Amino acid sequence: MILVAGGTGVLGRRVVKRLTDRGDAVRVLTRDPRRAANLPDAVQVVVGDLRSDPIDQFVDGASTVISAVHGFAGPTRTTPEAVDRDANARLAAAAKLAGVGHFVLVSVVGAAPDHPMSLHRMKYAAEQGLHQCGISSSIVRATSFLETWMQVIGAKLADGGPALVLGPGQNPINFLCADDLAAFVCLAADRDPRIAEGISVGGPQNLSFTQVAEHLLAGTKGSPGIRHVPLQALRAMSVLAKPIHPAFARQAQAAVVMNTIDMTFDAAPLRARFPEIEATTLATLTERAGSQAR
């Protein structure tokens, strides 16, 4: 039995599908049972909160645990500190106590104790906590999800609205298809020796927000074009929104960071080691989404 915590999210759903397609028994832990409605019928769904509920019941009988949870966005109590650091620590400790054979933590490329984004700092803390726990483990670090940012930038295009670019949108950023990452996570669950204790995964393209917007606009009719949110406004929102909407403040701060620091990744060596895993481009993912919509 493989437990996937966060199995109803952007990545988690894709991991679950890959596991069930190959015949693995899968248990999904989610806080919201409504989000599990479209999971494969064979999946065992358990409802709970890693931040507060007893965890032994979730890991009981599991041979492997995959943690794809994150606290970057969500309600007030959903924070990187509460989810990425503390909840992962509770889950790893419970897994060790229950005799789980292997633990896979999904982290982020660039995780560090001094990173300007709290998500990266708390993922680093989760990595350190996992090492200290002593359970057999693999850490899969990912760059930014292409699906997420296509949705953010292109959210209003279907209704004739503009493509939304946060900041100047000129900084190159590595984008990774969540489907591709799911393949690496499954290899980590299998203890593939190429992954061993950890791996950093990126996509084949370093693109700016503006380049993503221009690509999405090329397949859209009637849009007024690109609307930029000024960097100064994002900086202000990251501070002023913190007391009333901390998740929004984190997102504004993330946009500032993604416009101002090196976010590139050279995926060529990685792809040479894993030729069996697709390296999905923006064009391929857009075409795939269009085919599914038709």
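The coordinates are above.
What you see is a predicted model, and the numbers here were worked out from it, not measured in a lab.

Conventions used here
Residues numbered from 1 in each chain as written. Predicted model: local features only at pLDDT ≥ 70, side-chain atom pairs only at ≥ 80, totals over all residues. Heavy atoms only, no water. Helix = DSSP H or I, 4+ residues; strand = E, 2+ residues; numbered from the N terminus. Contact = heavy atoms within 4.5 Å. Pairing = 2+ DSSP bridges. Axes fitted to C-alpha atoms, helices over the stretch in contact; angles between N-to-C directions. Phe/Tyr/Trp six-rings, centres within 6.5 Å; stacked < 30°, edge-to-face > 60°. Buried < 20%, exposed > 50% of the residue type's maximum accessible area, 1.4 Å probe, protein only.

### Topic: the environment of Ala279
On the secondary structure map, Ala279 appears in the loop between helix H10 (268-273) and helix H11 (282-293). It is 39 Å that separates the C-alpha atoms of Ala279 and Leu240, two residues lying 39 residues apart in sequence. When sequence neighbours within four positions are dropped, the list of residues in contact with Ala279 reads Asp180, Pro204 and Arg271.

### Overview of the sheet that holds strand S3 (residues 44-47)
Hydrogen bonding along the main chain pairs the strands of a sheet, whether they run parallel or antiparallel. One open sheet accounts for seven strands, arranged S3-S2-S1-S4-S5-S6-S10; its pairing is parallel. Strands with a single pairing partner mark the edges of an open sheet, and in this sheet they are S3 and strand S10 (198-201). Each neighbouring strand pair of the sheet contributes to a mean axis angle of 20 degrees, computed without reference to strand direction. By the bridge criterion, four bridges tie strand S1 (residues 2-5) to strand S2 (residues 26-30) in an arrangement that is parallel. Bridge pairing in S2 links Val4 to Val28. On the sheet, helix H4 (residues 118-133) packs against strand S5 (102-108) and strand S6 (137-142) and is oriented at approximately 160 degrees with respect to S5.

### Here's the deal with the sheet that holds strand S11 (residues 205-207)
Pairing within the open sheet is mixed, and its three strands lie in the order S7-S9-S11. Every interior strand has two partners, whereas the edge strands, strand S7 (144-145) and S11, have only one. Across two bridges, the pairing between S7 and strand S9 (residues 173-176) is parallel. Following the sheet pairing, Phe145 is matched in S9 by Leu176. Against the sheet, helix H7 (residues 209-218) makes contact with S9 and S11, and its axis sits at roughly 95 degrees relative to S11, the strand it touches most.

### Considerations on the packing of aromatic side chains
As enumerated under the stated definition, the model contains three aromatic pairs in all. A centroid spacing of 5.0 Å and a plane angle of 65 degrees characterise the contact between Phe184 and Phe274, whose relative ring orientation is edge-to-face. Taken as a pair, Phe184 in helix H6 (residues 178-189) and Phe274 in the loop between H10 and H11 lie far apart in primary sequence, 90 residues in all. The exposure class assigned to Phe184 is buried, which follows from its relative accessible area of 0%. Put simply, the rings of Trp149, Phe175 and Phe209 pair up and form one aromatic cluster.

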